[in-house]
Amino acid sequence: MKYNYNIMNSSKQTNSHNYKAIDWLRSNRKINETLVTAYNYIKIKQLVSTVLPEYLKNSFHIIKTEQNSITIAVDGATYATRIRQLSPSILNKIKTTYSLNLEIIKIKIINNCLASEIKIINKQKNYISNNTIKYFEQLREKSKPGPLKDAIEKLIEHHKS
């Protein structure tokens, strides 16, 4: 499946020897083939997502295209079942849009195939003022040995600047 695309036409080059990154990548045959394949997969993914319900639109990846089949990776069995149910519509859309003779949609369930959100936990130290620490030190002096006194000592140690 080949697409004719020209990503860089709208930009101006100042010198003929001043290549854009995409032009440089296209100059290498293997890299260019990889770019074309990636572009094709993106186009097919966009097309397939037009057939899918909202909750499925970002829940799959196109991982392989062959002569008469396409392989779609999903994160779980629920997504796989729904895509299997919609396979005729997906195939029809691809056939009519790109004139491809696809007959089979293969579905692979790959756990964690989708980029999950990276949760950044901002652990900021909650500072206690030096004046407040003095009160905890007084409390520590008045406390009997045991878990409470140990906890107060840890708190003072942790929050001393």
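1. Points about the packing of helix 5 (residues 130-142) against helix 6 (residues 147-159)
One can describe the packing of helix 5 onto helix 6 by two numbers: an axis separation of 10 Å at closest approach and a directional angle of 155°. What the angle tells us is that helix 5 and helix 6 run roughly antiparallel. Crossing handedness for the pair helix 5 and helix 6: left-handed. Of helix 6, the residues touching helix 5 (which contributes I133, F136, E137, L139 and R140) are K149, I152, E153, L155, I156 and H159.

2. Some details on the nonpolar core
Among the nonpolar cores identified, the biggest contains 20 residues, and V48, L52, F60, I83, I90 and I94 are the most heavily contacted of them. Among the secondary structure elements, those contributing two or more residues to this core are helix 2 (29-51), strand 1 (60-65), strand 2 (69-74), helix 3 (77-85), helix 4 (87-98) and strand 3 (104-109). Leave out the neighbours within four places in its chain, and V48 touches F60, I62, I90 and I94.

3. Describing the environment of E157
Positionally, E157 belongs in helix 6. Separated by 24 residues in the primary sequence, E157 and I133 have C-alpha atoms spaced 9.5 Å apart.

4. Focus: the packing of aromatic side chains
To describe a pair of aromatic rings, one takes the distance between the centres and the angle between the planes. Applying the stated criterion to the full structure yields zero aromatic pairs. In this structure, K45 is placed above the aromatic ring of F60, and the distance from its NZ or CZ to the ring centre is 5.2 Å.

5. Description of the pattern of salt bridges
For the structure shown, the criterion picks out four salt bridges. In this structure, R140 engages E141 in a salt bridge whose closest nitrogen and oxygen atoms are separated by 3.7 Å. The network of salt bridges with common partners includes K64, E66 and K106.

6. Concerning the pairing of strand 2
The buried count for strand 2 comes to six of six residues, which makes it a mostly enclosed element. Burial along strand 2 is two-sided: the face carrying S69, T71 and A73 and the face carrying I70, I72 and V74 are both buried. With five bridges joining them, strand 1 and strand 2 adopt antiparallel strand pairing. Considered in strand 2, the bridge of F60 is made with V74. If you look at the hairpin formed by strand 1 and strand 2, you'll find three residues sitting between the two strands. Of the pairings in the sheet, the one linking strand 2 to strand 3 comprises six bridges and is parallel in character. Bridge pairing in strand 3 places V74 opposite I109.

7. Focus: the sheet that holds strand 1
The strands making up a sheet associate through backbone hydrogen bonding, with each pair oriented either parallel or antiparallel. Sheet architecture is open: three strands sit in the order 1-2-3, paired in mixed fashion. In this open sheet, the two edge strands, each paired with only one partner strand, are strand 1 and strand 3. Taken over all neighbouring pairs, the strand axes of this sheet differ in orientation by 30° on average, direction set aside. Along the sheet, helix 2 makes contact with strand 1 and strand 2, crossing strand 1 at roughly 130°. The strands touched by helix 3 within the sheet are strand 1, strand 2 and strand 3, with strand 3 carrying the most contacts at an inclination of about 175°.

Cut-off values and rules
- Residues numbered from 1 in each chain as written.
- Predicted model: local features only at pLDDT ≥ 70, side-chain atom pairs only at ≥ 80, totals over all residues.
- Heavy atoms only, no water.
- Axes fitted to C-alpha atoms, helices over the stretch in contact; angles between N-to-C directions.
- Helix = DSSP H or I, 4+ residues; strand = E, 2+ residues; numbered from the N terminus.
- Parallel < 35°, antiparallel > 145°, perpendicular 65-115°, else oblique.
- Left-handed = near helix turned anticlockwise from the far one by under 90°.
- Contact = heavy atoms within 4.5 Å.
- Core = buried A, V, L, I, M, F, W, Y, C linked by side-chain atoms within 4.5 Å.
- Buried < 20%, exposed > 50% of the residue type's maximum accessible area, 1.4 Å probe, protein only.
- Phe/Tyr/Trp six-rings, centres within 6.5 Å; stacked < 30°, edge-to-face > 60°.
- Lys NZ or Arg CZ within 6 Å of the ring centre and 35° of its normal.
- Salt bridge = Lys/Arg side-chain N within 4 Å of Asp/Glu carboxyl O.
- Pairing = 2+ DSSP bridges.

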